[in-house]
Amino acid sequence: MDGINEILALKRDLNAVFLVHNYQPPEVQDLADFCGDSLELCRHAQETDADYILFCGVDFMAECAAILNPDKKVLLPDREARCPMAGMLPAEEVRKAREEHPDAAVVLYINTLAEAKAEADLVCTSANPVEMVDALKERTVLFGPDKNLAWFAQKHTRKKIVRVPDDGYCYTHHLRLLRKDVEALKAAHPNAVVLAHPECNPDVQEIADRVLGTGGMMHAAHELRAREFIVATEKDMCYRLKKAHPHKEFYPVESAVCDQMKKHTPFKIHEALSSPEPVRVERHIAKKALRPIQRMLELSE
Ligand code: 13P
Ligand code: SF4
C-alpha cells in the first residue's frame, strides 16, 4: 500500500474529514474533502458529522473548528503551523483597548487566537469585514489585528475604526507582495483582471480591480468573463483557481508564500492520523470565544 492509500485507510478507520485551506500546497489540496476560505471552513467544521476533523490550515483555524465542535477531535498535522499575525494581538491588549474606549464595540479578524476572540463582540473573516462592522450599533469599532484589513473596512464604512494593535500585519501579504510585483504582472499581462486580498497593502488594493477574500476570488473567477487573472494573495491560491477553471490563466506573485501554511505534508498527515493528538482549547476560553464566532456565522448566513 502506498502512502496516500494508507492515509485514506486511516481516515476511513477514524471517520475523519479533511478540511483544507486554499493556501495549502497542491499535494495537500488534492487530499481535501473540502478546500476553502476561513469562513467556509468554519461552516464545514460546524456541519460535519465526522468524529475527527483533520485541519490543514493554521492554528487559529484549527482552534475555531475545535471551539465549534467541543465533542469532536481536531487534528493539525504540524502543530507549528502558527499564523504570526494571529499572535500579534494578545487578549490583554484587547482588554486594555476596551478600557480606553468604553463605548466602542470589538470586531476581531478570525486570524486571532481563542483567548483574544473570547474578548470580542464579533468575529469577521476576509469575506465579511464591512458587513460585521456595520452589524453592530456602536459608532466606534475596535478592529484588529490586521491594519490593511482595517484600512479596507474603514474605506467602506461610515463608522470609526480604531486599530488594535496599531501595526498588525500578515508578512506574506504586507512584506512579500508589493505594488511593484503587481505592476510587473500587469505590464506582462495587460488584459488580466487584478484580484487582491484585503490583507495586502493599501497601495496594492488601490491598483486592484477587485479586493476580495479567497472565497470571493473563487466566485470572481467563475463569474467574470475574463480569461486572465493576476492573483495578489498567497501563491498556491492559483493552484486552487486553476483546478476549478482549467481554461483560464492565473498569475501569482511568486514571492507571496506563507511558510506556516506549507508545514503540512502527506507524511505529517499520516503521522497525525496514526497517533492522534487533538488540538485543545481551554473550556472556559472556548465557551467565551464561541459567542462571537457563532454570531458571525448567523449574521453572514
Ligand atoms: P481567507 O479568509 O481569504 O481564507 O484568508 C485567510 C488568511 O489567512 C489570509 O491570509
Ligand atoms: Fe497568517 Fe498571513 Fe499566513 Fe494567512 S497568509 S495564515 S494571515 S501569515
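Remember, predicted model here, so these are calculated numbers, not experimental data. Position numbers for residues count from 1 along each chain, tracking the sequence in the order it is written. Chain letters and ligand numbers both follow the written order, the letters beginning at A and the numbers at 1. The model is predicted, so local features are restricted to residues of pLDDT at least 70 and side-chain atom pairs to those at 80 or more, both for listing and for counting; the totals for chains, interfaces and linings are taken over all residues. Think of the side-chain values as coming from all heavy atoms in the structure, minus any hydrogens and water.

1. A look at the site of ligand 1
We apply this condition: We call a residue near a molecule or strand whenever a single non-hydrogen atom of that residue lies within 4 Å of it. Here a polar contact is recorded for every N or O atom pair within 3.5 Å, except that within protein the pair must consist of a potential hydrogen donor and a potential acceptor, and residues adjacent in sequence are included only if both atoms are side-chain atoms. The Shrake-Rupley method, run with a 1.4 Å probe, gives the accessible areas here. Residue values count only the displayed protein chains as cover.
By nearness alone, every residue bordering ligand 1 is listed as H21, Y23, D37, S38, N111, S126, H173, H197, E199, G213 and T214. Between S38 and ligand 1, the recorded distance is 2.6 Å, taken from a side-chain N or O atom to an oxygen atom. Contact distances for ligand 1 include 2.8 Å between an oxygen atom and a backbone N or O atom of T214. Contact with the protein chains covers 96% of the free accessible surface of ligand 1, which is 310 Å².

2. Looking at the layout of surface pockets
We count it as follows: Lining residues are defined by having an atom within 4 Å of a point belonging to a cavity or pocket. Those points lie on a 1 Å grid over the protein atoms alone, cavities being sets where a 1.4 Å probe fits but cannot get out and pockets being open sets with protein on both sides within 12 Å along at least five of seven lines. Grid points are joined across faces, edges and corners, and a volume is the space filled by probe spheres set on the points. For helices the rule is a DSSP run of H or I covering at least 4 residues; for strands it is a run of E covering at least 2, with both sets numbered from the N terminus onward. Amino acids outside the nonpolar list (Ala, Val, Leu, Ile, Met, Phe, Trp, Tyr, Cys, Pro) and the charged list (Asp, Glu, Lys, Arg) are all regarded as polar, and Gly is one of them.
Taken as a whole, the largest pocket spans an internal volume of roughly 380 Å³. In this structure, the largest pocket is lined by 15 residues; those nearest its centre are A66, N69, P70, V281 and R283. Elements with a contribution of two residues or more to the lining of the largest pocket: α4 (59–68) and α15 (283–299). With 4 residues, the single largest contributor to the lining of the largest pocket is α15. Residues of the lining of the largest pocket, tallied by class, amount to 8 nonpolar, 1 polar and 6 charged.

3. What to know about the site of ligand 2
Taken together, Y23, V58, C83, P84, M85, N111, C170, Y171, T172, E199, C258 and M261 make up the full set of residues near ligand 2. Of the residues belonging to the shell around ligand 2, the class tally is 9 nonpolar, 2 polar and 1 charged.

4. Quick notes on the sheet that holds strand β5 (residues 105–109)
The condition that has to hold: When DSSP finds at least two bridges between two strands, those strands are taken to pair. Helix axes use the C-alpha atoms of the stretch in contact, all axes being lines fitted to C-alpha atoms, and the angles between their N-to-C directions lie in the range 0 to 180 degrees. Every residue pair with non-hydrogen atoms within 4.5 Å of one another is taken to be in contact.
The strand order across the open sheet formed by 4 strands is β6-β5-β7-β8, and the pairing between neighbours is parallel. A strand with exactly one partner marks an edge of an open sheet, and here the two such strands are β6 (122–124) and β8 (160–163). For this sheet the average axis-to-axis angle between neighbouring strands, irrespective of direction, equals 30 degrees. Pairing analysis gives 4 bridges linking β5 to strand β7 (residues 140–144), with the strands arranged parallel. When the bridges of β7 are listed, V106 appears paired with L142. The strands that helix α8 (residues 147–156) touches are β5, β6, β7 and β8; relative to β8, the one it contacts most, it runs at about 175 degrees.

5. Focus on the nonpolar core
Applicable threshold: Residues enter a nonpolar core if they are buried and are Ala, Val, Leu, Ile, Met, Phe, Trp, Tyr or Cys, with the set joined through side-chain atoms within 4.5 Å. Partly exposed describes any residue whose relative accessible area lies between the buried limit of under 20% and the exposed limit of over 50%, with all areas from a 1.4 Å probe on protein chains only and scaled to the type maximum.
Core analysis: the biggest nonpolar cluster contains 70 residues, and F55, V74, V107, F143, F229 and V231 have the highest contact counts within it. Top contributing element to this core by residue count: α4, with 8 residues. Each residue touching V74, except ones within four places of it in the same chain, is listed here: I53, F55, A62, A65, A66, E277, P278 and V279.

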